[in-house]
Amino acid sequence: MALLSDIKSWDTILTRDEMNEIDKIVSRPRWQFGATSHPAAPHKKFWKMDVKGTAMFDTIIPEKIEILAPFKFEILDYYVNGHTRGLDGYMHTDDADYTFLVFCNPVWDLVWGGKTIFVQDDGRFDAVFPKPGSAVLFPSNMLHYAEDVTREFYSIRVTAAYKLKKVEDTDAEPTDI
């Protein structure tokens, strides 16, 4: 059973320049609508963008994950997903050992909602605010979903999701960049 205490988060892993570069990438007209988190909820669609082939997502962020994760890993998949008003996520688990999420919006206000909600098997829950440049690492078998953004938010909530296969433990504790 995945526990809330297994969630690791970092306030800032991206520089302002990196945030600006991500904003340029996700501002391109490459979004596709219709991605789903689970086959049981085909009506819960969201935006998705393939970012393979960009240095930011192919190299820079994975290098940061290597520093932060307390284990060696293989990246199984990665992409950017987006939620606009009315597109709250479906509670689901991921097909990996761990998931590393990076919150990519350069600005975020608390009144905009959009938290990532984690739910433990016993019903206890926690939430991570999508602070610009922050990140969270959690066991992929933990139930989670994206909270809807509020009507005060007029854009797209963007996260980069990395699905990780744990290869071996390291002696290092999670660190900061």
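To keep things clear, this report deals only with the structure shown in the data block. Owing to the predicted nature of the structure, the values given are computational and were not obtained by experimental measurement. (Residues numbered from 1 in each chain as written. Predicted model: local features only at pLDDT ≥ 70, side-chain atom pairs only at ≥ 80, totals over all residues. Heavy atoms only, no water.)

### Quick notes on the nonpolar core
Reasoning step 1: In this structure, Phe57, Ile61, Val80, Phe100, Val102 and Tyr162 are the most contacted members of the largest nonpolar core, which totals 30 residues.
Reasoning step 2: If you list the elements that add at least two residues to this core, you get helix H1 (16-26), helix H2 (55-68), strand E4 (71-83), strand E5 (98-103), strand E8 (135-139) and strand E10 (157-169).
Reasoning step 3: The element that contributes the greatest number of residues to this core is H2, accounting for five residues.
Reasoning step 4: Residues in contact with valine 80, not counting those within four places in the same chain, are Val26, Trp31, Trp47, Lys48, Met49, Val51, Phe57, Val158, Thr159 and Ala160.
Reasoning step 5: Within the second largest apolar cluster, 12 residues are counted, among which are Ala2, Phe118, Val136 and Phe138. (Core = buried A, V, L, I, M, F, W, Y, C linked by side-chain atoms within 4.5 Å. Buried < 20%, exposed > 50% of the residue type's maximum accessible area, 1.4 Å probe, protein only. Helix = DSSP H or I, 4+ residues; strand = E, 2+ residues; numbered from the N terminus. Contact = heavy atoms within 4.5 Å.)

### Brief notes about the environment of lysine 44
Reasoning step 1: With respect to the helices, strands and loops of the structure, lysine 44 is situated in the loop between strand E2 (32-36) and strand E3 (45-49).
Reasoning step 2: Distance from lysine 44 to threonine 150, taken between C-alpha atoms, is 17 Å for residues 106 residues apart in sequence.
Reasoning step 3: Not counting chain neighbours up to four residues away, the residues in contact with lysine 44 comprise Ala35, Thr36, Asp88, Gly89 and Tyr90.
Reasoning step 4: A polar atom in the side chain of lysine 44 sits 2.9 Å from the side chain of aspartate 88. (Polar contact = N/O pair within 3.5 Å; in protein donor to acceptor, adjacent residues only side chain to side chain.)

### A word on the packing of aromatic side chains
Reasoning step 1: Considering all chains together, one arrives at nine aromatic pairs under this definition.
Reasoning step 2: Three or more aromatic residues joined by ring pairs form one cluster here, namely Phe71, Phe73 and Tyr98.
Reasoning step 3: Here the basic side chain of lysine 48 rests over the ring of tyrosine 79, its NZ or CZ set 4.2 Å away from the ring centre.
Reasoning step 4: Sitting over the ring of tyrosine 78, lysine 52 keeps its end group 4.7 Å from the ring centre. (Phe/Tyr/Trp six-rings, centres within 6.5 Å; stacked < 30°, edge-to-face > 60°. Lys NZ or Arg CZ within 6 Å of the ring centre and 35° of its normal.)

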